[in-house]
Amino acid sequence: MESLRESGHKMKQKSKPARPKATIFDVAEHAGVSIKTVSRVVNKEPNVRQQTRDKVLESVGALRYQPNAAARELSGKRSRIIGLIYENAEEFSYLNDVFNGALGICEPAGFSLLLRPLTLPDPDIADRIRQFATNARVEGVVLPAPMGDLPGVAALLREMRIPFAAITPREADPDEINIHCNDEAASFSLTELLIEQGHRAIGFIKGHPDHGASAKRFAGYRRALKTHWIAYAPRLVRQGYFDFDSGRAATGRLLDLAEPPSAILASNDDMAAGAIFEARERGLAVPGELSIAGFDDTRFSTRIWPPLTTVRQPIIQMAQTAAALLIDKLNGRAPAAPRTTFECEVVIRDSTAPLC
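Procedures and definitions
- Residues numbered from 1 in each chain as written.
- Predicted model: local features only at pLDDT ≥ 70, side-chain atom pairs only at ≥ 80, totals over all residues.
- Heavy atoms only, no water.
- Helix = DSSP H or I, 4+ residues; strand = E, 2+ residues; numbered from the N terminus.
- Buried < 20%, exposed > 50% of the residue type's maximum accessible area, 1.4 Å probe, protein only.
- Contact = heavy atoms within 4.5 Å.
- Areas by Shrake-Rupley, 256 points an atom, 1.4 Å probe, with all protein chains shown as cover.
- Pairing = 2+ DSSP bridges.
- Salt bridge = Lys/Arg side-chain N within 4 Å of Asp/Glu carboxyl O.
- Disulfide = S-S within 2.5 Å.

Okay, the overall build of the protein chain next. Of the regular secondary structure elements, the protein chain holds 12 helices and 12 strands. When the 356 residues of the protein chain are sorted by exposure, 49% land in the buried category. Taking all contacts inside the protein chain whose residues are at least 6 apart in sequence as the whole, residues at least 24 apart take part in 74%. Surface accessibility of the protein chain: about 18000 Å² in total, with carbon and sulfur atoms responsible for 52%.

Structure representation (structure tokens):
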């Protein structure tokens, strides 16, 4: 007579390994739809096309998917979460306004705003965003610059069928929400102000090359020079990266020229602050010996000395609009204006003055 141990051992040998249970992710991939669509079908929610519903139910049957095994995934409730994916820059003051603007729209609409910083460049950015979007169950995503300029990010969100709103992308996507500022026109006006003050040798510090707005601000500078018959001088242009240190370094190289500029236009306020610091370190009076202008009108533009001449970009309103249009889209109301452009305003303060 077999012992219980021997009998049990034989039974274990004959039993087949348990088949892994299908998940909602398996069903979504098999059917070629989003996780949210699977949830709607299984929970018998309306507003799903019959063809899509049939496709999902076919995948559920083929994979022997058991919804009750994943009750949390298929609770049938919307997450009402908006993700905000941004570059984790040490400086870049406009992000604070982006956060406040988006949050000010999400909360009254009953949505939570979940932040996800990323450090660029990142070879694993697609995996990190996929994990974030899946684990957090985000319904939509806001992409401040430069996230909207990274082709892989937009492509991934489309693949996952997650709507997004991009702030100041380099190229406007006709199928997505795009929020822009008229950077080129604003940079033109700011350069023209310096020209009207008598400056002809005007240095320019470019913004980060990954940001679409950088090229537009540089184009405005070039157009203003051309309009006023001032020859473009490549020696007066230096690359910056939208932070204090790169602004200071670029200013140093400009001031080391045999014929330095009498004015410097930096592509954002952080770099303009670095320019003021470098000028003062060299004993130059701002604006008496060197005029300096920035871009964005961030909070600290009035807290440095002298207060900064800059461009007022309505960052909070832009973020509010991005969040509001995205929520409208998620709630089934097609955005009235997928591409929205805001005008900017030149704000004259004490960091610029007529050339003596």
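Moving on from the coordinates now.
Residues Gly140 and Val142 point to one face of strand β3 (residues 140–143) and Val141 and Leu143 to the other, with burial holding for every one of them. Looking at chain direction, strand β1 (residues 81–87) and β3 are connected through 3 bridges and run parallel. Looking at β3, one finds that Ile82 is bridged to Gly140. Relative to strand β4 (residues 164–167), β3 runs parallel, the two being bridged by 3 bridges.

Examined against the element boundaries, Leu236 turns out to sit in the loop between α9 (212–227) and β7 (237–239). C-alpha separation for the pair Leu236 and Leu255, spaced 19 residues apart in sequence, amounts to 9.6 Å. The contacts of Leu236, once residues within four sequence positions are left out, are Ala201, Ile202, Gly203, Phe204, Tyr221, Leu254, Leu257 and Pro261.

On to the pattern of salt bridges. If you walk through the whole model with that rule in mind, you get 17 salt bridges. A salt bridge links Glu176 to Lys329, with the nearest nitrogen and oxygen atoms 3.5 Å apart. Placement of the pair is Glu176 in the loop between β4 and β5 (177–181) and Lys329 in helix α12 (residues 315–330), with a sequence separation of 153 residues. For Lys329, a relative accessible area of 28% puts it in the partly exposed group. Asp328 is paired through a salt bridge with Arg333; the nearest N and O atoms lie 2.8 Å apart.

Before going further, it helps to spend a moment on the state of the cysteines. Inspection of every chain in the model, using the stated rule, returns 1 disulfide. In this model, Cys181 is linked to Cys344 through a disulfide, with the two sulfur atoms separated by 2.2 Å. On the sign convention where negative means left-handed, the S-S torsion of about -50° between Cys181 and Cys344 marks this disulfide as left-handed. Of this pair, Cys181 sits in strand β5 while Cys344 is found in the loop between β11 (339–342) and β12 (345–347), placing the two residues 163 residues apart along the sequence.

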